[in-house]
Amino acid sequence: MRLTVTMKPKNNVVILPLHYQYLLHGLLYNSLQDKSFASFLHEIGFQKGKRTYKLFTFSRLFGQHKIQLDPKTIIFDDNISWHVSTVLPELTQQLGEYFLLQNEVHLGNQSVEIQSIKMEESEVKSSEIEIEMLSPVTVYSTYETVDGTQKTQFFHPYDEAFPHLVELNFRNKYEAYYGDPPQERLFIEPLHVTKRHKVVTTFKNYYITAWQGRYRLRSSPKYLTFLLQTGIGGRNSQGFGMFRVICEF
């Protein structure tokens, strides 16, 4: 299920940090009225081995804006659209109910008025789709060096490790939720990814390299639908890996 929230700056303008994903992350969790569910999702989630998955993702903000490099802010002065996608029915229900009942919400310490809420089914009916990222995809591996230091390596979409790690992430997420591993492979191919699609951002002071652009995905329709609902790559619940389907083949 996919939820689209349209908001408008209450005072005609809203100024956000350039790296604002953590504000949307906080808004999402603060919108959950069932605190036991919110606590489960935030603290526990769905587990596969030592890994935990929240099984939702969200987009960046879309709307008329301008960027100020100093002091690293983004200014929205008209309607703003925000997309949230999840495989969890209770999450969609709680978010939908919350935004329907609110006249305004806060992004950081600034108010935005709720203009509209749209909920739609997200389903893929083909085994091959072309997608465009609504929030950048990040793919990485964390390892320990000989001196015990934790290092994280981020991978470019054209790196040979990229499709392998995207598939592994998908398999782990799917098994964490359904209890059984998927029975078919997942293939991803970058179609249009250039240097300008590279995004270096932060989430709570942690630097993340991610990529916008267009990609092709191949698998069974039910697995592609799962990815449409939960996102591809890592850190989905922090606002990475959400996409829209451009076309189905």
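A brief structural summary. (Residues numbered from 1 in each chain as written. Predicted model: local features only at pLDDT ≥ 70, side-chain atom pairs only at ≥ 80, totals over all residues. Heavy atoms only, no water.)

**Some thoughts on helix α5 (residues 221-230)**
And then number 1: Of all ten residues in α5, eight are buried, a share of seventy percent or more.
And then number 2: When we look at burial in α5, the residues that qualify are Tyr223, Leu224, Thr225, Phe226, Leu227, Leu228, Gln229 and Thr230.
And then number 3: At the C-terminal side of α5, Gly231 shows a positive phi close to 95 degrees. (Buried < 20%, exposed > 50% of the residue type's maximum accessible area, 1.4 Å probe, protein only. Helix = DSSP H or I, 4+ residues; strand = E, 2+ residues; numbered from the N terminus.)

**Description of the nonpolar core**
And then number 1: Ranked by internal contacts, the top residues of the largest apolar core, which has 63 residues, are Leu61, Trp82 and Phe99.
And then number 2: Here this core takes seven residues from helix α4 (residues 161-178), the largest share from any one element.
And then number 3: Dropping the residues within four chain positions of it, Leu61 is found in contact with Met7, Leu16, Tyr20, Leu24, Phe76, Ile80, Ser81, Trp82 and Leu107. (Core = buried A, V, L, I, M, F, W, Y, C linked by side-chain atoms within 4.5 Å. Contact = heavy atoms within 4.5 Å.)

**Let's talk about unusual backbone geometry**
The phi torsion of most residues other than glycine is negative, and most of the peptide bonds are trans.
And then number 1: With omega at 25 degrees, the peptide bond leading from Asp70 into Pro71 counts as cis.
And then number 2: Along the chain, Pro71 falls in the loop between β6 (65-68) and β7 (73-76).
And then number 3: With a phi angle near 75 degrees, Asn12 is a residue other than glycine that sits in the positive phi range.
And then number 4: For Asn12, the location among the structural elements is in the loop between β1 (2-9) and β2 (14-17).
And then number 5: Positioned with a positive phi, Lys204 is a non-glycine residue whose angle comes to about 50 degrees.
And then number 6: Here Lys204 shows up in the loop between β15 (198-203) and β16 (206-211).

**Side note on the pairing of strand β8 (residues 80-86)**
And then number 1: Summarising burial for β8: six of the seven residues are buried, a large majority.
And then number 2: Both β1 and β8 contribute to a ladder of six bridges, which runs antiparallel. By the bridge assignment for β8, Leu3 is matched with Val84.
And then number 3: Strand direction decides the pairing type here: strand β5 (residues 56-58) and β8, joined by three bridges, are antiparallel. Paired with Thr57 across the two strands is Ser85, which belongs to β8. (Pairing = 2+ DSSP bridges.)

**Some thoughts on the pattern of salt bridges**
And then number 1: Applying the stated criterion across every chain, the model contains seven salt bridges.
And then number 2: Taking the shortest distance from any N to any O, the salt bridge between Glu104 and Lys10 comes out at 2.8 Å. Of this pair, Glu104 sits in strand β9 (residues 104-107) while Lys10 is found in the loop between β1 and β2, placing the two residues 94 residues apart along the sequence.
And then number 3: For the salt bridge of Arg214 with Glu130, the shortest nitrogen-to-oxygen distance reads 3.7 Å. Pair noted here: Arg214 is in strand β17 (residues 214-218) and Glu130 is in strand β11 (residues 128-133), with a separation of 84 residues, a long-range link.
And then number 4: Here Arg214 falls in the partly exposed class, since its relative accessible area comes to 31%.
And then number 5: Overlapping salt bridges bring together Glu130, Glu132, Arg214 and Arg244 as one network. (Salt bridge = Lys/Arg side-chain N within 4 Å of Asp/Glu carboxyl O.)

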